[in-house]
Amino acid sequence: MEKIRIMVVDDHSLVREGIVSMLQNHSDFHIVGEAESGEKALINIPKVQPNIVLMDIMMGGMNGVETSAKIKEQFPDVKVVLLSMEVTQDLISDAIKAGVYGYIPKDSKKNELIEAVTKVNAGEQYFSPKISEVVFRGFYDQSTGAEKPGEDPKKGKISKREVEVLKLIASGLSNREIADQLFISIRTVDAHRNHIMQKLSLKSTAELVKYAIRNRIIELE
């Protein structure tokens with residue numbers, strides 16, 4: 001049986017190395033390439049011809065969802081599994097629309113990652129139990145019209161990690177300082193910033209700060 005050819009795409013080198021380290025000794029897998037961005041992944045796919053692309057969803061430049069859509073369009077035989085610290089209804093919905101075959105949290109165990117790769121390669125879809133729970137909860141809330149009293153509808157659109165990033169932006173930290181504090185790459189911080197601004201329909205850092213103050217994400221001394 002031919003080995004499953006895997007490409008790993010993440011803008012954080014330590015994360016890429018960790019994923020490769022987990023999978024490279026598996027008898028059924030062959031790591032054929034790595035990329036630090038969606039743009040480079042699209043360039044390298046024809047060269048290394050992966051069956052599966054394991055890709056971070058939050059990257060600077062072209063994010064994982066956008067890259068997944070282009071992979072589906074340009075390389076329909078290549079299947080994408082997204083890996084993310086962000087698990088929200090909006091991201092999952094966008095990922096499904098982009099045609100991904102799987103979506104699992106980055107804190108998943110090695111066995112779950114192996115299971116996801118194996119099932120997706122066999123033509124199945126794989127969404128971890130945590131992802132399925134978020135999807136069901138979103139469907140339930142829509143069906144029942146559930147809404148938390150007094151909650152800003154826009155605030156509900158951003159994830160816990162995005163709230164963390166917004167708080168640090170509003171506190172005056174630079175992208176480098178935020179990256180160091182949250183142990184993520186600068187490109188990921190920039191991706192979070194852009195995603196927050198898109199979700200909240202804001203156009204500048206000043207508007208981000210005003211939003212954070214208005215919604216008590218930060219407190220004025």
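Here the residue numbering is sequential within each chain, running from 1 through the sequence in written order. Owing to the predicted nature of the model, reporting of local features is limited to residues with pLDDT of at least 70; listing and counting of side-chain atom pairs is limited to 80 or more, with chain, interface and lining totals taken over all residues. Excluded from the side-chain calculation are hydrogens and water; included are all heavy atoms of the structure.

What about the layout of surface pockets?
What the second largest pocket holds in volume is close to 410 Å³. Every residue lining the second largest pocket is counted, 25 residues in all, and those nearest its centre are Asp10, Val15, Ser84, Met85 and Lys106. Within the residue set of the lining of the second largest pocket, elements represented by two or more residues are α1 (13-23), β4 (79-84), β5 (102-105) and α9 (186-200). Sorting elements by how many residues they give to the lining of the second largest pocket places α1 first, with three residues. Residue composition of the lining of the second largest pocket, grouped by class: 12 nonpolar, six polar and seven charged. Put simply, the grid is 1 Å and covers the protein atoms alone, a cavity is a trapped set of points that fit a 1.4 Å probe, a pocket is an open set with protein on both sides within 12 Å along at least five of seven lines, and lining residues have an atom within 4 Å of a point. Grid points are joined across faces, edges and corners, and a volume is the space filled by probe spheres set on the points. Segments assigned H or I by DSSP are reported as helices when at least four residues long, segments assigned E as strands when at least two residues long, and all are numbered from the N terminus. Under the scheme applied, nonpolar residues are Ala, Val, Leu, Ile, Met, Phe, Trp, Tyr, Cys and Pro; charged residues are Asp, Glu, Lys and Arg; polar residues are all the others, including Gly.

Some words on the confidence of the model for the chain
Per residue, pLDDT captures the predictor's confidence, and it can take any value from 0 to 100. Across the chain, the average pLDDT comes to 84, with 87% of residues at or above 70. The secondary-structure element of the chain with the lowest mean pLDDT is helix α6 (residues 129-144), recorded at 56, while strand β1 (residues 4-9) shows the highest, at 97. In what follows, a contact means two residues having at least one pair of non-hydrogen atoms within 4.5 Å. Contacts for the low-pLDDT stretch residues 146-151, under 50 throughout, to residues beyond four places or in other chains number two contacts.

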